[in-house]
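# Results of the structural survey
Next come the chains, spelled out residue by residue.
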Amino acid sequence: MKVLVIGGGAREHALCRALSLDPDVSALHCAPGNAGIADVAELHTVDALDGDAVAELARRLEADLVVVGPEAPLVAGVADAVRAAGVPCFGPSREAAQLEGSKAFAKEVMAAANVPTARSYVCTTPEEVDEALDAFGAPYVVKDDGLAAGKGVVVTADLEQAREHALACGRVVIEEYLDGPEVSLFAITDGETVLPLQPAQDFKRALDGDEGPNTGGMGAYSPLPWADPKLVDEVMESVLQPTVDELRRRGTPFSGLLYAGLAITSRGVRVIEFNARFGDPETQVVLARLKTPLAGVLLNAARGTLADEPPLNWRGDSAVTVVIASHNYPATPRTGDPIGGLDEVAAQDAPHAYVLHAGTRREGDAIVSAGGRVLSVTATGGDLTEARDRAYTAVDRIRLDGSHHRRDIAAKAASHA
C-alpha cells in the first residue's frame, strides 16, 4: 500500500512512524513533512490547504490512501477533493469537520444527540458577552468559535481578561466551567462503525503545575491509571456513537478521526470540545501503545468497511511524551536555533525513547527550530514511572538555546499508579 500523509508536525511524524512500521506499507510519502519525517517518508512540497494540489499529488504518487493530519486542511475541504479524485482519504468532509471548525455547530450537534456537555451561550455582541459572563460567573470559559490552533480558549477568574478575549474573537462561545480531570479519547470511524482508541491526558498550560498561558499542548501520557475501567465504554455509548449517528442523520457523515475532549466532573462525563483529527501531543503516546498495524485500519475507515476490522490490539506498557518548545512560545516563538543531541538520543535511548519532530527544518547539515513546539520526546516503559524516567533522560540530552519544557508531565498519575 502507498500512503500519503498531509501535514508537518509531531502528530504527522507519529503517524508516519507508525505507518513506516506497518509491513503492508510499501511506500510512504509526506507533504510538506519536516526534518524528522524525512527519515521515514519521502517528502513533497504542497500547499496543504489546496485540495486540488493535494489530490493531484496523490494521483501522481498513485497513493492508495491519503491521511490528512491537521484540522485546517480538513475544514478547507481537502479530504473532499481527494475523494473526488477517486483516492481513499482518511479525514472528514468539510461539512463534517465543522464539528471542530465551529464550536457553535458542535454544541448544536451535541444538543440534538443528547451528548452531555457544558451549558453555553453563543455570543456575537458585547451585550451578549456581558450577559453570558454574568450568568456563569468565575472561572470564565471563553472559546473562539473558529479554529485557533489550540490557543483560542481562555479560562480565567479575571472578568476583564475574559471580556477582552471574547470581544477580540467576533463570534464566541461562553460556557460554564467544568470541574475535574480532563481526558482525550480518539475514535476511528467510517461514519457508522466507531472504533475507540485508548484514552490519554494532555497538558495545555505552558508551565509546571498547570501555570502559565494555554498552548497547543506541552506533553501527554497513556494509559490513565486513575480512570474508571468502564470509561471508554461509557463515552462510546453517551458521546461518540450518538455524535456519529447524528451527523449521519443530517446527511453529513463523519468519516475519519473523532476526538472527544472530556471532563470527568462530579456529575459525570462532559464533552469540553470535539476535534476532527488526531490530537497533538496525545497521538504520540496513543500510537506508541498501538500494536495493530495502522494502515489497514485507516484504509477500512476511508472505504467505509470498518465493521470488518477486528478489535484493536494494545501493548501493556505506558507511554509519555514531553514537548520541547522554542524560546517565547506560546507567544511569537524564536526560530532558526540549531538543535543538538538528536544523535545521542538515537544512539543511547532507542528503542524505548525517540524524538518526534514538530517545528524543525534542515539547513545544510544542521537541524534547526522552525516553530513554537519543536520536538516531542516520546518514551515507553513498563509503567508510567519508567516511561517518564526514559522520556526525561532523553529530553536532557537535547540542546536548543532558549527552549523550555515541563518537568511534571505524568508525575501525578505515576505516583497514583
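Relevant structure appears above.
So, here is what we can say about the structure in this document.

Quick notes on the rules
Residues numbered from 1 in each chain as written. Predicted model: local features only at pLDDT ≥ 70, side-chain atom pairs only at ≥ 80, totals over all residues. Heavy atoms only, no water. Helix = DSSP H or I, 4+ residues; strand = E, 2+ residues; numbered from the N terminus. Rg over C-alpha atoms; globule rule 2.2 N^0.38 Å. Buried < 20%, exposed > 50% of the residue type's maximum accessible area, 1.4 Å probe, protein only. Pairing = 2+ DSSP bridges. Contact = heavy atoms within 4.5 Å. Axes fitted to C-alpha atoms, helices over the stretch in contact; angles between N-to-C directions.

To continue, consider the overall build of the chain. If you tally the helices and strands in the chain, you get 14 helices and 24 strands. For 417 residues, the compact-globule formula gives about 22 Å, and the C-alpha radius of gyration of the chain, at 20 Å, lands near that figure. Principal axes of the C-alpha set define a box for the chain whose edges measure 55 × 45 × 40 Å. Looking at the chain residue by residue over its 417 residues, the buried ones come to 58%.

The next thing to look at is the pairing of strand S15 (residues 219-222). Neither face of S15 is open: one carries Gly219 and Tyr221, the other Ala220 and Ser222, and all of them are buried. Taken together, the two bridges between strand S12 (residues 201-202) and S15 define a ladder with antiparallel strand orientation. Among the inter-strand pairings, Gln201 is bridged to a residue of S15, identified as Tyr221. Pairing analysis gives four bridges linking S15 to strand S18 (residues 318-325), with the strands arranged antiparallel. Directly across from Gly219, in S18, lies its bridge partner Val322.

The next point concerns the side chain of Ser376. With respect to the helices and strands, the residue Ser376 is situated in strand S23 (residues 373-381). Residue Ser376 is classed as buried on the basis of its relative accessible area of 2%.

What follows covers unusual backbone geometry. Cis geometry marks the peptide bond from Tyr329 to Pro330; its omega dihedral reads 10°. Position of Pro330 among the secondary structure elements: in the loop between S18 and strand S19 (339-340). Of note, the bond from Ala350 into Pro351 is cis; its omega dihedral lies within 30 degrees of zero at 0°. For Pro351, the location among the structural elements is in the loop between helix H12 (342-348) and strand S20 (353-357). The residue Glu62 is not glycine, and still its phi comes out positive at about 55°. Looking at the element boundaries, Glu62 is found in the loop between helix H2 (51-60) and strand S4 (65-68). Judged by relative accessible area, which is 53%, Glu62 ranks as exposed. For Asn114, which is not glycine, the phi torsion reads 55° and is therefore positive. A residue is classified by how much of its surface remains accessible, and Asn114, at 67% relative accessible area, is exposed.

With that settled, the discussion passes to the sheet that holds S4. Read from one edge to the other, the open sheet built from five strands follows the order S3-S2-S1-S4-S5, with strand pairing classed as parallel. Every other strand in the sheet has two partners, leaving strand S3 (42-43) and strand S5 (89-90) as the edge strands with one partner each. Of the strand pairs in this sheet, strand S2 (residues 27-32) and S3 are connected by two bridges, and their pairing is parallel. Bridge pairing in S3 links Cys30 to Leu43. Contacts from helix H1 (residues 10-20) reach strand S1 (2-7), S2 and S4 within the one sheet, and its direction differs from that of S1 by about 170°. With respect to the sheet, H2 is in contact with S1, S2 and S4, its orientation differing from that of S1 by roughly 155°.

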